[in-house]
Amino acid sequence: MHVYAPSALLMSEALASDPDLDLVDSFQTGDRRAFDTLVRRHQKGMWRVARRYLRSDADAADVTQQAFVRAFKGLGSFRRAATVRSWLYRIAINCALSWLRDHRREQPTEIADDAIAADAIAPTKLADVQDSARLRAAVAQLPPKQRMVLELRVFDDLSFKEVAELADCTENTAKVNFHYAVKRLRDILSEAGGADA
Amino acid sequence: MAQMRSDDDELLSAYVDGVAELTPAERERVRTGADPASLASTRDVLDQLRALPPEGDEPDWAAMERAIGAAVGDRVPAKRWWRGAVLWLVPAAAVAAAGIAIAVIGHGGDAPEARDHVAIVPPVAPTTAPQPPEAAEPHHSFVYVDGQPIDLDGATEEQILDGLAKAKLTADDGDDDDKAKDAKGKDDDDDDAAPGDDNLIGTANLAWVDHLDTGGLDKLEQVLVDHAAPKRKGT
């Protein structure tokens, strides 16, 4: 039976309903397997987050592993100020940014990546690929904050509260940033559509 | 980051993508004020974004899980108690340091110098032996009678009487001169001693009496009494 401290009673619904908190409790009482469960649940999402920053599958895998090692060391002192998922994603983002700083000169350009992808696909799907590339290019043009909020929300399916935790802003600001990102994409895509026509 | 203005339009995308995350009031405002065309285009953009194929080729998740497990080991790391303690240790240490600084600045400005002075400079030894109190000189009371000092303490009664007799003679001489002057100018001066007067000491200058101490006065009075008594007997 859990006895909650007064501060715990004030936790938001998102934190209180965090499905990973039981695993954290188990880990903090010495259950090593609880961490394996966390890895299975979140390795894919952490890899996707890292992949967006690094644009390399192998580097994203290395950074994901590095992030989990760091999480393993800090999970015993997890303070429950955020959800476990957003805490793990924050570690992944920090590791990716550190990796970028350490390997700045080795990063391939975004244009080269897109060109390789377009060359490798069948001609029948070229239109879809072009649309996808155009949409990704539009996302890449967004201001960093709007892009981060949009990607976390759309590609990682985070709640606005979790997005706000990772973007270091209020939940309302995250919603507003999200709206301006979508609005800007609408404008970019409509301009591109008009140019194609 | 600056707080952005949040009106109904700014919550439109959040309304489209996650209506459950808006308050009922916000939902109502967006529902009543939103342009249907904007709602549709927003939903369309979000659908296109979610339909994008994932970037890159996903790794072998089982292999990654094994690699992570091998990297972290089998033991749960010991909880580092100081991580939580940092939350209160840092402010406490800052407050303590500030208190020490205030104490040193507020009260220790002169103290170190004073302590150094006491510690370094040895006490100065007296260069001369303390002088014994000077022996009190024997007290002498002098009576000046017409310029002749008469020691009332060191002289015998005869010596005092001789001195007074000499002084009387001197005073008589002076009185003769005054008498001649009086004869000429008839200058009346009752304070001066008349010739043949029994006063041994001239009354014209008695200021010396004020300088006598109690012992001297008593002795003088006794001398005068003793001197006057036989004379009265004789008369």
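(A) Spotlight on the overall build of chain B. Of the regular secondary structure elements, chain B holds eight helices and two strands. A total of 235 residues make up chain B; the buried ones form 21% of that total. The long-range share in chain B, meaning contacts at least 24 apart out of those at least 6 apart in sequence, stands at 42%. Carbon together with sulfur atoms contributes 58% to the accessible area of chain B, which is approximately 16,800 Å² in total.

(B) Spotlight on the side chain of Glu10(B). By secondary structure assignment, the location of Glu10(B) is in the segment before helix 1 (12-17). Its relative accessible area of 3% is what places Glu10(B) among the buried residues.

(C) Fine view of helix 4 (residues 61-72) of chain B. With 12 residues, helix 4 of chain B extends 17 Å between its outermost C-alpha atoms, agreeing within 8% with the 16 Å of an ideal straight helix rising 1.5 Å per residue. Residues Trp61(B), Met64(B), Glu65(B), Ile68(B), Gly69(B) and Val72(B) constitute the buried set of helix 4 of chain B. Along the axis of helix 4 of chain B, the buried residues cluster in a sector spanning 135°; they form a single face. Turned more than 90 degrees from where helix 4 of chain B packs its buried face, Arg66(B) and Ala70(B) sit exposed. Buried residues along helix 4 of chain B sit against helix 4 (33-54) and helix 5 (57-74) of chain A. Where helix 4 of chain B begins, the side chain of Asp60(B) points an oxygen toward the backbone nitrogen of Ala62(B), at a separation of 3.2 Å. Positive backbone phi, approximately 85°, marks Gly73(B), located one or two places after helix 4 of chain B.

(D) Up close: the interface of chain A and chain B. At the junction of the two partners, chain A supplies 54 residues and chain B supplies 49 residues. When the area that chain A buries against chain B is broken down by residue, the three leading residues are Arg136(A), His179(A) and Arg186(A), summing to 13%. Between the two partners, chain A and chain B, sit seven salt bridges. One salt bridge in this structure joins Arg136(A) and Glu55(B), with 3.8 Å as the shortest N-O distance. If you look at where chain A meets chain B, you find 15 residue pairs in polar contact (both at pLDDT 80 or more). The biggest single contributor to the side of chain A that touches chain B is helix 11 (residues 171-196) of chain A, with 14 residues. For the side of chain A that touches chain B, the class distribution of residues is 20 nonpolar, 14 polar and 20 charged.

(E) Structural context of a nonpolar patch on the surface. All names here are of chain B. Where nonpolar side chains cluster on the molecular surface, the patch consists of Ile100, Val104 and Ile105 and spans about 330 Å² of accessible area. Among the secondary structure elements, isoleucine 100 is positioned in helix 5 (residues 81-107). What makes isoleucine 100 exposed here is its relative accessible area of 54%.

(F) Representation of the confidence of the model for chain A in the model. All names here are of chain A. When pLDDT is averaged along chain A, the result is 82, and 77% of the positions lie at 70 or above. Looking at the elements of chain A, mean pLDDT is at its lowest for helix 1 (residues 6-9), recorded as 38, and at its highest for helix 5, recorded as 95. Counting contacts from residues 1-11, a segment whose pLDDT is below 50, to residues more than four positions away or on other chains yields five contacts. Segment residues 111-121: pLDDT under 50, and five contacts once partners within four positions in sequence are set aside and those in other chains are kept.

What counts and how
- Residues numbered from 1 in each chain as written.
- Chains lettered and ligands numbered in written order.
- Predicted model: local features only at pLDDT ≥ 70, side-chain atom pairs only at ≥ 80, totals over all residues.
- Heavy atoms only, no water.
- Helix = DSSP H or I, 4+ residues; strand = E, 2+ residues; numbered from the N terminus.
- Buried < 20%, exposed > 50% of the residue type's maximum accessible area, 1.4 Å probe, protein only.
- Contact = heavy atoms within 4.5 Å.
- Areas by Shrake-Rupley, 256 points an atom, 1.4 Å probe, with all protein chains shown as cover.
- Expected span 1.5 Å × (residues − 1).
- Arc of directions from axis to C-beta.
- Polar contact = N/O pair within 3.5 Å; in protein donor to acceptor, adjacent residues only side chain to side chain.
- Buried area = accessible area lost by both parts, 1.4 Å probe.
- Salt bridge = Lys/Arg side-chain N within 4 Å of Asp/Glu carboxyl O.
- Nonpolar A, V, L, I, M, F, W, Y, C, P; charged D, E, K, R; others polar.
- Patch = residues over 30% accessible without salt bridge, like charges linked within 9 Å, V, L, I, M, F, W, Y side chains within 5 Å.
- pLDDT = per-residue confidence, 0-100.

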